[in-house]
Amino acid sequence: MMRAYEMMIIIDGDVDDPKAQAWMKTVTDGVTTAGGEIHGKIDWWGKRQFAYPINKQPSGYYMVAEIVAPAGSLDELERTLRLADDIVRHKLIRLPEAEAERRGMAISAA
């Protein structure tokens, strides 16, 4: 069963911009390998100041991806993000059916 997800990733602010943007390809490849697809384009927010320091860092690069993938298939991608030194934080949430439908992801997610 295909499900709709939203993933936010915060990349270390000390990383240079091209290397930070290379994470978009890593995420896209990880989703594709898992049998899923990115819905639309990855939303690149760029470098933002944190409200409070995280791991003694004042800022980081933010990106948000909407994903349609089989249930439980993104475990390997999450493992990769958890082990990566460049990733400060990441969060993967499953979207409720009503929200997935509102975003136009319901056809693939059903």
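Read on for a plain summary of the structure. This structure is a prediction, so every number in the text was calculated from the model and none was measured. (Residues numbered from 1 in each chain as written. Predicted model: local features only at pLDDT ≥ 70, side-chain atom pairs only at ≥ 80, totals over all residues. Heavy atoms only, no water.)

### Quick notes on the overall build of the protein
Part 1 of the argument: Helices and strands together make up the secondary structure of the protein, namely 4 helices and 5 strands.
Part 2 of the argument: The order of α-helices and β-strands along the protein, N terminus first, is β-α-β-β-β-α-β-α-α.
Part 3 of the argument: A globule of 110 residues ought to have a C-alpha radius of gyration of about 13 Å, and the protein, at 14 Å, matches this closely.
Part 4 of the argument: Based on the C-alpha atoms only, the size of the protein along its principal axes is roughly 40 × 25 × 20 Å.
Part 5 of the argument: Considering only contacts within the protein whose residues lie at least 6 apart along the sequence, 75% involve residues at least 24 apart.
Part 6 of the argument: On the protein, roughly 6400 Å² of surface is accessible, and the fraction owed to carbon and sulfur atoms is 51%. (Helix = DSSP H or I, 4+ residues; strand = E, 2+ residues; numbered from the N terminus. Rg over C-alpha atoms; globule rule 2.2 N^0.38 Å. Contact = heavy atoms within 4.5 Å. Areas by Shrake-Rupley, 256 points an atom, 1.4 Å probe, with all protein chains shown as cover.)

### Points about the side chain of S73
Part 1 of the argument: Along the chain, S73 falls in the loop between strand 4 (57–70) and helix 2 (75–83).
Part 2 of the argument: A relative accessible area of 18% places S73 in the buried class.
Part 3 of the argument: At a separation of 2.7 Å, a polar atom in the side chain of S73 contacts the main-chain carbonyl oxygen of P70. (Buried < 20%, exposed > 50% of the residue type's maximum accessible area, 1.4 Å probe, protein only. Polar contact = N/O pair within 3.5 Å; in protein donor to acceptor, adjacent residues only side chain to side chain.)

### Observations regarding the pairing of strand 3 (residues 43–54)
Part 1 of the argument: With 7 bridges connecting them, strand 3 and strand 4 associate as antiparallel partners. In the strand pairing of strand 4, R48 is matched with G60.
Part 2 of the argument: Where strand 3 hands over to strand 4, the hairpin turn is made up of 2 residues, of which N55 adopts a positive phi near 50 degrees. (Pairing = 2+ DSSP bridges.)

### Some details on helix 1 (residues 17–33)
Part 1 of the argument: Between its terminal C-alpha atoms helix 1 stretches 25 Å, which fits the 24 Å expected from 17 residues at 1.5 Å a residue.
Part 2 of the argument: Taken residue by residue, helix 1 has A20, W23, M24, V27 and V31 as its buried positions. Projection of helix 1 onto a plane perpendicular to its axis shows the buried side chains occupying an angular sector of 105 degrees, all on one side. Turned more than 90 degrees away from the buried face of helix 1, the exposed residues are P18, K25, T32 and T33.
Part 3 of the argument: Buried residues in helix 1 make contact with strand 1 (2–12), strand 2 (37–38), strand 3, strand 4, helix 2 and strand 5 (87–94). (Expected span 1.5 Å × (residues − 1). Arc of directions from axis to C-beta.)

### Considerations on the nonpolar core
As a rule of thumb, soluble globular proteins bury nonpolar side chains together.
Part 1 of the argument: In terms of nonpolar packing, the biggest core is built from 22 residues, with I9, I11, M63 and I67 touching the most fellow members.
Part 2 of the argument: Where this core is concerned, the elements lending two or more residues are strand 1, helix 1, strand 4 and helix 2. (Core = buried A, V, L, I, M, F, W, Y, C linked by side-chain atoms within 4.5 Å.)

### Quick look at the environment of T80
Part 1 of the argument: Inspection of the secondary structure assignment puts T80 in helix 2.
Part 2 of the argument: Through-space distance from the C-alpha of T80 to that of V15 is 17 Å; in sequence the pair is 65 residues apart.

### Describing the pattern of salt bridges
Part 1 of the argument: Per the stated rule, a full pass over the model turns up 8 salt bridges.
Part 2 of the argument: The residue D86 makes a salt bridge to K19 at a minimum N-O spacing of 3.6 Å. A residue pair is termed long-range when its members are at least 10 positions apart, and D86 in the loop between helix 2 and strand 5 and K19 in helix 1 qualify at 67 residues.
Part 3 of the argument: Each member of the salt-bridge network shares a partner with another, and the members are E6, E66, E99, R102 and R103. (Salt bridge = Lys/Arg side-chain N within 4 Å of Asp/Glu carboxyl O.)

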